[in-house]
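In case you want the letters, here they are:
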Amino acid sequence: MEKQTREQTANAGLKLSRRTFVGGAAMAAAAGGFGASAWASAKEEVERLKAEGWEAHPVACCMCGARCGMLAMKKKGEKPSMQTVRIFPNPDHPQRGYCGRGAQAIWAWDHPLRIKKPLKRVGERGEGKFEEISWDQALDEIAGKIKELAAKHGERSICLTSHNFTGYQNWFAAPFGTPNVINHSATCNSASTLGRRMIFGPTFSGLGLVEPDYENARYLLLVGRTVSCAIGVQTTIARARERGCKIVFVDPRMPETAWADAQWIPIKPGTDAAFLHAMIYVGRKEKLVDLEWLARWTNAAYLVGEDLMPVTERVMKGEESGASNRRFAVISKSDGSMVFQGPKLNEKGQPVGFDEDPTLELALDWTGTVTTADGRSINAQTAYHAFCAVNDKYSPEETAKITGIPADTIIEAAREFFTLGGVCDDGWYSSRNANDVEAYGMMNVLNLFTGRFDHKGGCIITVGGGYGGPGIKAAGKTRTGPTGVSWEYNAGKPLDKQFFPEGIGTLWTTFEAMKTGKPYPIRALIMTGCSMFHREANSQRLIDAFKSLDLIVSQDILPQESNDWADYVLPSTFFMENHEYLGVNYARDGWVQKSDSTLDPPEGCEARHDIWQFMELLRRINPEYAARVGYTKELKTRKEWQAFWDKQIVDKAWAGFIAKKNAAKPGEGDRIAREVEEKGYAQTAWKVYDQVPYKRPFTTPTGKAEIVSFYVLTMPSAKGIQPIPEHYTTKAYTHPKPLSDEFIIVSGKDGATNAGVTLFTWPTKFLGDRTLWINPVDAERLGIKTGDTVEVEGLDNHVKGRTKVTVTNRVMAGVLFSHGFSGGVRTKNLPPEYEWVREGINTHWFATGYSQVSCGNMANNVSVRIKRV
Ligand SMILES: Nc1nc2c(c(=O)[nH]1)N[C@H]1C(S)=C(S)[C@@H](COP(=O)(O)OP(=O)(O)OC[C@H]3O[C@@H](n4cnc5c(=O)[nH]c(N)nc54)[C@H](O)[C@@H]3O)O[C@H]1N2
Ligand SMILES: Nc1nc2c(c(=O)[nH]1)N[C@H]1C(S)=C(S)[C@@H](COP(=O)(O)OP(=O)(O)OC[C@H]3O[C@@H](n4cnc5c(=O)[nH]c(N)nc54)[C@H](O)[C@@H]3O)O[C@H]1N2
Ligand code: SF4
Ligand SMILES: [Mo]
């Protein structure tokens, strides 16, 4: 009964004030970003509430991992509730938040299904039957089990996984001594990360570092990137559009943001690398590419053999050669002589500049023979020549056959891209077809052919706020906690790195260890904030792994399907209940921000901070472990915890940062501290254009960007990745027969729902789309209409599901689209008013879990057969 009352309250809220904002946010997102007027009204509303005595609390939204800046307005002196707390964008924040999901934060906080007490499984795994138990019982029992498993199988048999809370998990793993903190990247960003690493080097591979200069772009190419996410980016793009920036989406389905004046180019799934090659092909043939820049700032002019390996080793004599000296042969354009050049290295062997004659004109498209140190003559070519030999295969006509994009469309896109000085987004979510690393490598290569790297409006290096928060310091095998306690850490590498040293977060590699004990047993899994069935491709493989474990713990705020498989579910606090200082991740300049603990958990909810849960587990396992991270006595209440964590750890680390800033420049730290307290954010660093690689080299072997990846060629761990990224047909799924009842399903997000945390929230019931999209041509052939139900059967595993259909031109013929994280929830024992979360399918039911052989990046796209029922 109580639940229904609260839902009615939520509904009333929807009709009153929040309607404007959630609806407004979603509509603005649909219209292609937030116009200036929408923001002005939010700003005015904030001021009006302030004048009425409401408090403004800056928060860093965690409805997805982007941590955009929002303001939680709280009515002074009143108990927090749906009526007395309102969420707004923090008006001038550099990564301004409040997309449709961010706007749902208050619904998640006060959710009727919010997990209130620790739960212990009483039925079978998967049955979803739990009893509420005390924190003491839960923590004692889990700690006891972990101790027992560690004694029997070693600390490393305890594995932890998360999406946004990997940082929290390290507070447990490092003092306890397991290396197995294995995140979600193989189902998210591992291909785009490796795509950057292979072209720019390891230190330029992380998310948010190499980025389009969104704000100043004139032509932004988004290949399988919706920017429905990181709304800070979307608002930045909105400003670029006001100045006339053209936005082009290359995607099998039309993303929300393409509703307005953006262009949508439909592409067959898994063929992006071909399209990107064709862009360069047209640019080359029409002389629109910047060859001078390419010769000077990439390895295009460097000599390689027929095997693509740099010829250095073969032509240099004795001591001069060898991988470590990093010299590379080039040919002088004027006299054809061979010259050696390479990065200038500091004492630590890091590239700090270039040891080369900048006036020397280099031969770019060259083939010939060179003489080796032992007098033989071998064929050699410039890297550019080798690249062109591959690129020549991708004429617009040939590429049209592969991608389904008409040749004229490719030509027009390439002309506009190069003449406007375009930039291609380097990507984020990239685990789709298991041929993705090459596609993402090519996005970066395309940006090199414009010659605008790190120029205003091009692909740039962002600055970063420079603040990482409190943590555990690592130096060799020594770890040091926040209060200065050091210990020896010998845990070694995480298990997944044994299989995929170039991959990140390939959790699925541990499933075998769970089932067979090989190469060593993994017996427990701790999941911190992940909705595993919506995350991991191949649901059955996940179930098999769950079944084989001795202990499963889930820390969450809502009843995700994976909780049903846990032995214990622990209620966690929500971002608005935690106190934090952090960097701003998706902005061009460097900024830091604060997130207030604006709220306490709702009445009756005994949620505790994830890190408290970890520290209490450590204390119960071995008090010495807890002491390593400064936790020396049991802190029973939230208040006691806040006095320790907020004051002794979070505020102290922040004070240290401020002091450092003051020491570097008197008064600077004080300014930052003041601004953060006043507005919630402050700038710490300013972007200077034209730095990388001109003054600061990349971290590739050459120090330059590499159109033939010497990184891939010389790193044994990168075996199997193509040094010149090329298109190949994926083996991730059976390919559908054309013009039949067989299709590939692609997925992605929208701007208002589609995240683990919004699976159950009330606005999602109305705003969420749990249908399967089909093109009218296919629908007509199969006699399917909008609203019909179809049976969906996986071509590879014959698993079946049912869903309603939307017939729409927003998905290309031959392809189906289903939002990720929307519907297909199979959590048992939900109250009847949540029946709607079961509508639709989860594409992972049909997924093979096939991964890219070189790095373990998973394929989330699947192929199916559909039938009207
Ligand atoms: N609503 C919502 N937003 C989020 C999140 C969330 O959970 N929900 N999570 C955040 C996270 S973790 C991430 S990584 C980012 C991701 O954000 P983005 O990287 O912008 O990616 P998606 O929004 O997932 O969109 C992926 C698109 O790729 C398309 N696609 C599928 N296969 C192919 C293909 O073979 N080729 C091409 N060209 N396109 C293809 C899909 O149709 C879809 O439109 O979003 C963040 N924002
Ligand atoms: N088909 C398909 N599959 C996909 C994608 C897709 O587009 N299509 N996207 C992929 C991508 S990009 C990613 S990153 C993964 C994401 O996969 P997940 O990691 O499962 O996704 P999230 O939405 O981040 O899940 C967040 C979870 O944390 C909980 N939560 C929120 N706040 C807190 C907190 O403070 N503490 C704790 N302990 N829990 C909290 C939420 O209830 C939710 O269960 O999915 C991938 N899978
Ligand atoms: S993109 Fe939306 S959900 Fe994600 S952090 Fe930003 S405001 Fe929150
Ligand atoms: Mo992601």
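Residues numbered from 1 in each chain as written. Chains lettered and ligands numbered in written order. Predicted model: local features only at pLDDT ≥ 70, side-chain atom pairs only at ≥ 80, totals over all residues. Heavy atoms only, no water.

**Let's talk about the overall build of the chain**
What counts here: Here a helix means four or more residues in a row that DSSP labels H or I, a strand means two or more in a row labelled E, and each is numbered from the N terminus. Both definitions apply: the radius of gyration is a C-alpha atom measure, and the globule rule equals 2.2 Å times residues to the power 0.38. Three labels apply to residues, based on accessible area from a 1.4 Å probe with only protein chains included: buried if under 20% of the type maximum, exposed if over 50%, partly exposed otherwise in between. We call two residues contacting when some pair of their heavy atoms lies within 4.5 Å. Under the convention used here, a 1.4 Å probe and the Shrake-Rupley method define accessible areas, while residue burial counts only the protein chains that appear.
The helix and strand inventory of the chain stands at 26 helices and 33 strands. Expected size for 869 residues packed as a compact globule is a radius of gyration near 29 Å; at 27 Å, the chain falls within 12% of this value. By residue count, 64% of the 869 residues in the chain fall in the buried class. Here the contacts in the chain between residues at least 6 apart in sequence split such that 71% fall between residues at least 24 apart. About 31900 Å² of surface is accessible on the chain, with carbon and sulfur atoms providing 52% of the total.

**Notes on the sheet that holds strand β6 (residues 158–162)**
What counts here: Paired strands, as defined in this entry, are two strands with at least two bridges between them according to DSSP. With axes taken as lines fitted to C-alpha atoms, and helix axes fitted only over the stretch in contact, angles between N-to-C directions fall between 0 and 180 degrees.
Spatial strand order, β5-β4-β24-β23-β22-β6: 6 strands in an open sheet with mixed pairing. At either margin of the open sheet sits one strand with a lone partner, and together these are β5 (130–132) and β6. When the angles between neighbouring strand axes are averaged without regard to direction, this sheet yields 20°. As defined by bridge partners, strand β23 (residues 551–556) adjoins strand β24 (residues 568–571) across 4 bridges and the pair is classed as parallel. Each residue of the ladder has a partner; that of Asp556, found in β24, is Pro571.

**Comments concerning the site of ligand 2**
Condition: Nearness of a residue to a molecule or strand requires only that one of the residue's heavy atoms be within 4 Å of it. Pairing of N or O atoms within 3.5 Å defines a polar contact, subject to two protein rules: one partner must be a possible hydrogen donor and the other a possible acceptor, and residues neighboring in sequence count only if both atoms are side-chain atoms. Three classes are used: nonpolar for Ala, Val, Leu, Ile, Met, Phe, Trp, Tyr, Cys and Pro, charged for Asp, Glu, Lys and Arg, and polar for all others, with Gly counted as polar.
The immediate surroundings of ligand 2 are formed by 31 residues, with His163, Ser531, Asp556, Ser747 and Gly756 found nearest. Contact between ligand 2 and Arg535: a nitrogen atom at 3.3 Å from a main-chain N or O atom of the residue. Take Gln560: an N or O atom from its side chain is 2.9 Å from an oxygen atom of ligand 2. Expressed as a share of its isolated accessible area of 920 Å², the protein-covered part of ligand 2 is 95%. Looking at the shell around ligand 2, its residues break down into 8 nonpolar, 19 polar and 4 charged.

**Brief notes about the environment of Arg619**
With respect to the secondary-structure elements, Arg619 resides in helix α20 (residues 610–621). Between the C-alpha atoms of Arg619 and Ala258, which are 361 residues apart in sequence, the distance is 52 Å. Reaching out from Arg619, the side chain makes a polar contact with the side chain of Glu616 at a distance of 3.0 Å.

**Section: the packing of helix α9 (residues 272–285) against helix α14 (residues 407–419)**
Just so we agree on the cut-off: Note on angle classes: values under 35 degrees are labelled roughly parallel, values over 145 roughly antiparallel, values of 65 to 115 roughly perpendicular, and the remainder oblique. The crossing is said to be left-handed when, going from far helix to near helix, the turn is anticlockwise and less than a right angle, and right-handed when the turn is clockwise.
It is at 9 Å that the axes of α9 and α14 come closest, and there the two elements cross at 65°. Classified by the angle their axes make, α9 and α14 are roughly perpendicular. Crossing of α9 over α14 shows right-handed handedness. Contacts between α9 and α14 involve Phe275, Ala278, Met279, Ile280, Val282 and Gly283 from the first element and Ile410, Ile411, Ala413, Ala414, Phe417 and Phe418 from the second. Per-class residue counts for the contact of α9 with α14 are 11 nonpolar, 1 polar and no charged.

**Observations concerning the packing of aromatic side chains**
Condition: A pair of Phe, Tyr and Trp rings is counted when the ring centres sit within 6.5 Å of each other, with Trp represented by its six-membered ring. The angle between the planes then sorts it: under 30 degrees is stacked, over 60 is edge-to-face, the rest tilted.
A full pass over the atoms with the stated rule returns 38 aromatic pairs. Judged by centre distance (5.9 Å) and plane angle (65°), the rings of Phe533 and Phe546 are edge-to-face. With Phe533 in helix α18 (residues 532–535) and Phe546 in helix α19 (residues 539–548), this residue pair connects regions lying 13 residues apart in the sequence. Each of the two residues, Phe533 as well as Phe546, counts as buried. Note on Phe546 and Trp565: the rings are 6.1 Å apart at their centroids and 25° apart in plane angle, and the pair reads as stacked. Taken together, the positions of Phe546 in helix α19 and Trp565 in the loop between β23 and β24 put the pair 19 residues apart, joining distant regions of the chain. Its relative accessible area of 1% is what places Phe546 among the buried residues. By relative accessible area, which is 11% here, Trp565 ends up buried. An aromatic cluster is built from Trp171, Tyr631, Trp641, Phe644 and Trp645, whose rings are joined through pairwise contacts.

**Here's the deal with the pattern of salt bridges**
Which entries qualify depends on this criterion: Take a side-chain nitrogen of Lys or Arg and a carboxyl oxygen of Asp or Glu: if they are within 4 Å of each other, that pair is a salt bridge.
A full pass over the atoms with the stated rule returns 61 salt bridges. For Glu215, the salt bridge is made with Arg239, and the minimal N-O distance between the two is 3.0 Å. Of this pair, Glu215 sits in the loop between β7 (210–212) and β8 (219–223) while Arg239 sits in helix α8 (residues 231–242), placing them 24 residues apart in sequence. You can call Arg239 partly exposed: its relative accessible area is 29%. Close ionic contact of Glu634 with Lys636 constitutes a salt bridge, the shortest N to O distance being 3.3 Å. Through salt bridges with shared partners, one network takes in Asp136, Asp140, Glu616, Arg619, Arg620, Glu634 and Lys636.

**Some words on the side chain of Thr382**
Within the secondary structure, Thr382 is located in strand β16 (residues 377–382). Judged by relative accessible area, Thr382 falls into the buried class, the value being 0%. Sequence-distant contacts of Thr382, that is, excluding residues within four places in its chain, are made with Ala300, Ala301, Tyr302, Leu303, Val304, Ala363, Leu364, Asp365 and Trp366.

**As for unusual backbone geometry**
Across the junction of Lys518 and Pro519, the peptide omega takes the value -5°, indicating a cis bond. In this structure, Pro519 sits in the loop between α17 (509–516) and β22 (524–528). A positive phi angle, close to 90°, is found at Tyr98, a residue other than glycine. With respect to the secondary-structure elements, Tyr98 resides in the loop between β3 (85–89) and α4 (105–109). You can call Tyr98 buried: its relative accessible area is 5%. Not every positive phi belongs to a glycine, and Asn754 is a case in point at roughly 55°. Secondary-structure assignment places Asn754 in the loop between β28 (742–746) and α25 (762–767). For Asn754, a relative accessible area of 3% puts it in the buried group.

**Section: the UniProt feature "domain: 4Fe-4S Mo/W bis-MGD-type" (unreviewed entry) in the chain**
For the record, the criterion: UniProt positions are given in the numbering used here, feature names are shortened, and annotations may be inferred rather than shown by experiment.
Per the UniProt annotation, the sites labelled "domain: 4Fe-4S Mo/W bis-MGD-type" (unreviewed entry) are residues 54–111. Measuring from the first to the last C-alpha atom of residues 54–111 gives 23 Å, for a span that is 9% helix and 33% strand.

**With respect to the sheet that holds β3**
An order of β1-β2-β3 is seen for the 3 strands of this open sheet, with the pairing classed as antiparallel. Strands with a single pairing partner mark the edges of an open sheet, and in this sheet they are β1 (54–60) and β3. Pairs of neighbouring strands in the sheet enclose a mean axial angle of 30°, with direction left out of account. Here β1 runs beside strand β2 (residues 69–75); their pairing, made up of 7 bridges, is antiparallel. Bridging across to β2, Trp54 finds its partner in Lys75.

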